[in-house]
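Coordinate inspection notes
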Amino acid sequence: MADVNGNGKFLVGIYDDDDVVLKAVKDVKQAGVRIHEVYTPFPIHGLDVALGHPRTRLGIAAFLFALSGTTTALLLTAYTEAFDWPMIVGGKDSYSFPVYIPVIFELTVLFCALGMVGTFLVSNGLGPAVKPLMFDLRTTDNKFAMAIDLSKNKLAEGDIEQILRSSGAAEVNVKQF
Amino acid sequence: MASAHAIPSLDEQYEFTPAAKRRLLIGIGAGVALVALGSFLLASGAGAHETHEVTHGVGASTGDEGAHHAFKWTTRLWANVWLNAIYFTGVSVIGMFFISYNYLAQAGWSSAFKRIPEAMPAYLPFMGVVVLAVFFIAGHDLFHWTHEGLYDPQSKEYDPIIAGKHGFLNTPFYVIRVVLYFTLWYVLWRMLRNYSLQEDLYGGTDYYEKSIKFGTAFLVVFAVTSSTSAWDFVMSIDSHWFSTMFGWYTLASWHVTGLAVITLTVVTLKERGYLKIVNESHLHDLGKFMFAFSIFWTYVWFAQFMLIYYANLPEETIYYRERFSGFGGIYLAPFFINLLLNFAFPFLVLMTRDAKRTYIFLKIAAWGIIVGHYFDFYTNIMPGTVGEHGGFGPIEFGMILIFACGFIWTLSTQLTKANLIPKNHPMLEEALHHDI
């Protein structure tokens, strides 16, 4: 996970086209530069592969959140309806499983959804008091930004800037956090 | 065949080999032999070990379709023909359903293998003939509502509930409807198929535009006929009972089975070296389709079960009582096999991303769904038609073999009639680069 609250000096290459930035990622990596992250206004096919991101573990997180919801719902319904205050509704036994499937289903979905919202906020460094890293405001509109963390690269700043420019960057800016 | 480009050749001609034909003929022969053996056992009474004595189920069975005539062993034979005909009618028509909604959604990825769902409805005319023939030969044994006395207030058989459904459940209207279903489905499929074949020859986007129109027309037709045919083919067997979920439920069942058949065919063809342009992403999407719609089927199944279970109205719960404990409990096993194979099994097998991209997992899941939905229709059709005389013997196995081999035969024949890849399909380019 990237250091979202990172401080330090970044070089930000700005690109105009998604095809160019996709090729630039490969070229820049080829030149031996470590890329911090690429920011795009829309998802680009194959970008995650080009950047070499590891397989996402979001699925595992979602499964575990969902499982916690299922467990909670099972315990909740069993405790309230069968142990704490047994009740007969519609002539059923005090704990008749099919009745609680909707509850179990809903809590499974709810826990999964809320858990994933939380995961999203944490993994993207979003939150009420957190100041997000914004490398270039135009990446929310029509520009593509490639951020290079200078502290994590051995190459000189000038060399990296040259590499970015030759890979097709329209401009290269310095960003200090 | 090796091409210098990354994209494999688009010219692929499926070959229906004599060896494959021989295997299918042996399959049909074995099926006929099994059916003959089963019929012989039943007719001579040796099959009595499969007919359980009704002990616990009396209350469940006699109350409903009270005026049953003496049971004839042929009823079980015809019930099996009916069951398989309905099952394969569904699988066939889902091929048309699949290409229609893919046209309407202007989906690109599915064009890579669209010849397979496109070939499936070729089985429809045969199924139409079988369905009508069974109805005329054995409709009286299978469908309680065909008894004239039910509608005559003077008759001691008179049944006010079924008489109230006479406007819909009467033989002339029924036959008209059945003919209409098969005609509409077949004719609309024929149009789409012809456009698709002409597109291969002449190219251009005209055929694509026309296909969208007729595909949409089919979806409108199928929106109504999928429900009404489910009532006619399956629900009307239990003439007293009704469920407002039944149309959806049968559509869900047919749909997921059709998707499993498409997936299985795609994987099998790929294993034999065909469909080179179909990549892991296509398989992944097909896997997601099966996964999603097996859950959808479960959702609808449960929605139907849940309401009846909770409301606990005798005229509704009888349906599940027959399947749980009625007829000596012989339908309890199929009932749970149904849930296990159609929900738990594909849910667990297809959950991970890797499984949806691996041949063997896709095949296991597809087979689970295909077998599971046989049991779905089995639990829906058998209790109302053969009741305590049901079972699982040579007749059942043999009939599945006959119908399945016939289906594979027509599917293979259709596949040979065109290039396996619709090479002038305007969306093919998108399918070639499908990447998720």
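Residues numbered from 1 in each chain as written. Chains lettered and ligands numbered in written order. Predicted model: local features only at pLDDT ≥ 70, side-chain atom pairs only at ≥ 80, totals over all residues.

**Structural notes on the overall build of chain B**
This is how the line gets drawn: Numbering of helices and strands runs from the N terminus; a helix is a DSSP stretch of H or I covering at least four residues, while a strand is a stretch of E covering at least two. Using C-alpha atoms as the atom set, the radius of gyration is obtained and then compared with a globule rule of 2.2 Å times the number of residues to the power 0.38. Three exposure classes are used. Buried residues have 20 or more other C-beta atoms within 10 Å of their own C-beta, exposed residues have 12 or fewer, and partly exposed residues fall in between, all C-beta atoms being placed from the backbone.
Along its length, chain B carries 16 helices and zero strands. The C-alpha radius of gyration of chain B comes to 23 Å, within 12% of the 22 Å expected for a compact globule of 436 residues. The dimensions of chain B, computed from C-alpha atoms along their principal axes, are 80 × 40 × 40 Å. Relative to its 436 residues, chain B shows a buried fraction of 46%.

**With respect to the sheet that holds strand β4 (residues 171-176) of chain A**
Residues and elements named next belong to chain A. Applicable threshold: For two strands to pair, DSSP has to find at least two bridges joining them. Interaxial angle, 0 to 180 degrees, is taken between N-to-C directions of lines fitted to C-alpha atoms, where a helix line uses only the stretch in contact. Two residues qualify as a contact pair if the distance between their C-beta atoms, derived from the backbone, is within 7 Å.
Reading across from one edge, β2-β3-β1-β4 is the order of the four strands in this open sheet, with antiparallel pairing throughout. Among the strands making up the open sheet, the edge pair consists of β2 (37-39) and β4. Across this sheet, the average inter-strand angle for adjacent strands is 25 degrees, counted without regard to direction. Across six bridges, strand β1 (residues 9-15) lies against strand β3 (residues 144-149) in antiparallel orientation. The residue of β3 that forms the bridge with V12 is A147. Across the sheet, helix α1 (residues 18-30) lies against β1, β2 and β3, angled at about 20 degrees from β3, the strand it touches most. Along the sheet face, helix α5 (residues 157-166) touches β1, β3 and β4 and points at about 15 degrees away from the line of β1.

**Points about the pairing of β1 of chain A**
Residues and elements named next belong to chain A. The buried fraction of β1 amounts to six of the seven residues, a majority that puts the element mostly inside the structure. Of the strand pairs in this sheet, β1 and β4 are connected by six bridges, and their pairing is antiparallel. Residue pairing in the sheet places K9 in a bridge with Q176 of β4.

**A closer look at the UniProt feature "transmembrane region" (unreviewed entry) in chain A**
Going by this rule: UniProt positions are given in the numbering used here, feature names are shortened, and annotations may be inferred rather than shown by experiment.
Here the UniProt-annotated "transmembrane region" (unreviewed entry) positions come out as residues 58-79 and 99-122 of chain A. In residues 99-122 of chain A, the share of helix is 100% and the share of strand is 0%. The end C-alpha atoms are 36 Å apart.

**Structural notes on the confidence of the model for chain A**
Keep in mind that low pLDDT regions are not for reading the predicted coordinates in detail. So the rule is basically this: pLDDT measures how confident the predictor is about each residue, on a scale from 0 to 100.
Of the residues in chain A, 96% have a pLDDT of 70 or more, and the chain-wide mean is 88. Low pLDDT (under 50) marks residues 1-5 of chain A, which in the prediction has six contacts with non-local residues, meaning those over four places away or in another chain.

**Let's talk about the domain arrangement of chain A**
One frequent convention defines the size of an interface as the accessible area lost when the parts assemble. Note the threshold: Domain delimitation follows an automatic or database domain assignment.
You can read the domains of chain A as domain 1 (9-54 + 134-176) and domain 2 (58-123). Relative placement of domain 1 of chain A and domain 2 of chain A: their C-alpha centres are 44 Å apart.

**Describing helix α4 (residues 97-123) of chain A**
Residue and element names in this part refer to chain A. This is how the line gets drawn: Expected helix span is taken as 1.5 Å per residue step, with the number of steps being one fewer than the number of residues.
With 27 residues, α4 ought to run about 39 Å at 1.5 Å a step, and its terminal C-alpha atoms sit 37 Å apart, in line with that. Within α4, the full set of buried residues consists of L107, T108, F111 and C112. For α4, the elements touching its buried residues are α3 (58-84). Looking one or two residues past α4, G125 carries a phi angle of roughly 65 degrees, positive in sign.

**Remarks on the nonpolar core**
Basically, it comes down to this: Put simply, a nonpolar core is a cluster of buried Ala, Val, Leu, Ile, Met, Phe, Trp, Tyr and Cys residues tied together by C-beta atoms within 7 Å.
Counting residues in hydrophobic clusters, the biggest one holds 112 residues, and the most contacted among them are W82, A260, V266, M290 and I381 of chain B. Counting residues per element, this core draws most heavily on helix α3 (residues 73-104) of chain B, at 18 residues. Formed by 24 residues, the second largest nonpolar core is a distinct cluster that contains Y15, L22, F144 and I148 of chain A.

**Considering the packing of helix α10 (residues 280-311) of chain B against helix α11 (residues 314-324) of chain B**
Residues and elements named next belong to chain B. Operational definition: Any angle that is under 35 degrees is reported as roughly parallel, and any over 145 degrees as roughly antiparallel; angles of 65 to 115 degrees are reported as roughly perpendicular and all others as oblique. In this scheme the handedness of a crossing depends on how the near helix is turned from the far one: anticlockwise by less than a right angle means left-handed, clockwise means right-handed. Polar here means any residue other than Ala, Val, Leu, Ile, Met, Phe, Trp, Tyr, Cys and Pro, which are nonpolar, and Asp, Glu, Lys and Arg, which are charged; Gly is therefore polar.
The interhelical angle for the contact between α10 and α11, taken along N-to-C directions, is 120 degrees, at an axis separation of 9 Å. Comparing the axis directions of α10 and α11 gives the class oblique. By crossing handedness, the relation of α10 to α11 is classed as left-handed. In this structure, α10 uses F305, I308 and A311 to contact α11, whose residues at the interface are E316, T317, Y319 and Y320. When grouped by side-chain class, the residues that make up the contact of α10 with α11 number five nonpolar, one polar and one charged.

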